[in-house]
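Observations on the model geometry
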Amino acid sequence: MPEIKSKFLLSRNNVDFSELLAVDGGNPTIRMVVSAEVKMVLEGTFLQNPQMNFIQDHLKPVFYIDGKGYQVGEYIVTDAVLNTVDGTRKELEITAYDLTYLAKQSKIEDRLLIKAGTLYTDAIRAQIVDSGILNFIVVPNTATFSTDREDWEPGTSRLQIINDLLSEINYNSLWMDLSGTVRGTPYQQPLAENITIEYRNDQYSILYPDDSSTTDIFDKPNVFIAVVENPDLPENLRAEAVNDDPTVPYSTVNRGRIAQYEKLDNIASQAELQAYVDNLKFKSLMSTQEIEFSTAANPVHSAFDIIGFYKDDLTGIYEETEWSFPFTPGQAMTHRARRAIFE
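Figured I'd write up the structure that's included with this text. As the structure is a computational prediction, the values presented were derived from the model and not from experiment.

Describing the side chain of Asn-170
Structurally, Asn-170 can be placed in the loop between α3 (158-168) and β10 (175-176). Using a relative accessible area of 12% as the deciding quantity, one classes Asn-170 as buried. Once residues within four sequence positions are removed from consideration, Asn-170 is found in contact with Pro-186, Tyr-187, Glu-272, Ala-275, Tyr-276 and Asn-279.

Structure below.
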């Protein structure tokens, strides 16, 4: 059996200076939900550390397997309940969110103006910097604003603005990787070349034996239409993608047209609008089967992982949608994922 340990480092101004100790039964756990605005949250009960400053300090959990350490993100404490146990011991029940919480907390004070010709990625980077996030990567993109933009009212969170802009160039919503770097990345389809993690049911497997799956194709759309009707644009934009593959049971050929219609406020270009509906069509092919499974703790999962899963009739490529990572030795890590099915 591997030797399992963990530390919860306290970091101030990027310098690790102390740590929090988890209490027995404190169950420190990180949960990731890819659809959440802030995707990763750390919860647990720890001994009070008098050196800790809740405003300045970040938490860096590190998970050790046979002496090798894996950082599992960086977190901002948002809630801390102080309890006195046995009349003397001070314990903290902590909730802490990943660094994208800084952008959620930061609000614009005046109506935001973005000039025509500005690169989307430059506008996104500016909002990240203004949020106080120092360590970030936004993958370059050549898309620019075709008109002046002044869409967001004072009081809008910078995270909403960033995610609005990311969606207009078909990027994932903002997320944090395990090193604590905040990232803006293009959407990747769950294809073999994009697999980031593999689980195989063999002699080296860390898969637990139990799993479950659900399938649902009721009223599944097969026509995807998106329009942008904006008076600031030279013309209205419209794009359509149709699933007319006769081998797919819920295609237009087999079930008639079942449309999904979306009206967007803005988009980078006609090409990005077409890519948007093409992605909707692709995602519809992978949303009929979801699986839940458990593994030994595996501290390499972040957001938007593509999983190669090799176990009997569940073998396939999956987009991970949720996971829960326990720091208590012996507890299982749970996963939820959506399969890419091309019937």
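So, next bit.
Re helix α2 (residues 120-130)
Listing the buried residues of α2 in full gives Tyr-120, Thr-121, Ala-123, Ile-124, Gln-127 and Ile-128. One face of α2 carries all of its buried residues, which in axial projection span an arc of 160°. On its buried face, α2 sits against β9 (136-138) and α3. Phi turns positive one or two residues past the end of α2, at Gly-132, with a value near 95°.

Here's the deal with the nonpolar core
In terms of nonpolar packing, the biggest core is built from 54 residues, with Ile-30, Leu-59 and Leu-165 touching the most fellow members. Excluding anything up to four places from it in sequence, Ile-30 contacts Met-40, Val-41, Leu-42, Pro-61, Val-72, Tyr-75, Trp-323, Ser-324, Phe-325 and Phe-327. In this structure, Leu-233, Ile-267, Leu-273 and Val-277 belong to the second largest nonpolar core, which totals 13 residues.

Focus on the sheet that holds strand β14 (residues 223-228)
Strand order in the open sheet formed by 3 strands is β15-β14-β16, with mixed pairing between adjacent strands. In this open sheet, the two strands that pair with only one neighbour each are β15 (237-242) and β16 (259-264). Within this sheet the neighbouring strands show an average axis-to-axis angle of 10°, counted without direction. Strand direction decides the pairing type here: β14 and β16, joined by 6 bridges, are parallel.

Quick word on the sheet that holds β9
A sheet is described by the order of its strands in space; here 3 strands give the open sequence β9-β11-β10, paired in mixed fashion. Of all strands in the sheet, those with a lone pairing partner are β9 and β10, marking the two edges. Where β10 and strand β11 (residues 182-184) come together, 2 bridges link them in antiparallel fashion. Across the sheet, Trp-175 pairs through a bridge with Arg-183, a residue of β11.

So, the packing of aromatic side chains
As enumerated under the stated definition, the model contains 11 aromatic pairs in all. With a centroid separation of 5.8 Å and 75° between ring planes, the pair formed by Phe-309 and Tyr-318 is classed as edge-to-face. Comparing Phe-309 with Tyr-318, the two get one shared label, buried. When the centroid spacing of 5.0 Å and the interplanar angle of 80° are considered together, the rings of Phe-325 and Phe-327 count as edge-to-face. Phe-327 carries the same exposure label as Phe-325, and that label is buried. Members of the aromatic cluster, connected to one another through ring pairs, are Phe-8, Phe-46, Phe-63, Phe-325 and Phe-327. Its guanidinium or amino end placed over the ring of Tyr-250, Lys-220 lies 5.0 Å from that ring's centre, counting from NZ or CZ.

Thoughts on the environment of Ile-108
With respect to the element layout, Ile-108 can be found in the loop between α1 (101-105) and α2. With relative accessibility at 6%, the residue Ile-108 sits in the buried group. Taking the C-alpha atoms as reference points, Ile-108 and Ser-131, 23 residues apart in sequence, are found 9.5 Å from one another. Not counting chain neighbours up to four residues away, the residues in contact with Ile-108 comprise Gln-127, Trp-152, Glu-153, Pro-154, Gly-155, Thr-156, Arg-158 and Ile-161.

What counts and what doesn't
Residues numbered from 1 in each chain as written. Predicted model: local features only at pLDDT ≥ 70, side-chain atom pairs only at ≥ 80, totals over all residues. Heavy atoms only, no water. Helix = DSSP H or I, 4+ residues; strand = E, 2+ residues; numbered from the N terminus. Buried < 20%, exposed > 50% of the residue type's maximum accessible area, 1.4 Å probe, protein only. Contact = heavy atoms within 4.5 Å. Arc of directions from axis to C-beta. Core = buried A, V, L, I, M, F, W, Y, C linked by side-chain atoms within 4.5 Å. Pairing = 2+ DSSP bridges. Axes fitted to C-alpha atoms, helices over the stretch in contact; angles between N-to-C directions. Phe/Tyr/Trp six-rings, centres within 6.5 Å; stacked < 30°, edge-to-face > 60°. Lys NZ or Arg CZ within 6 Å of the ring centre and 35° of its normal.

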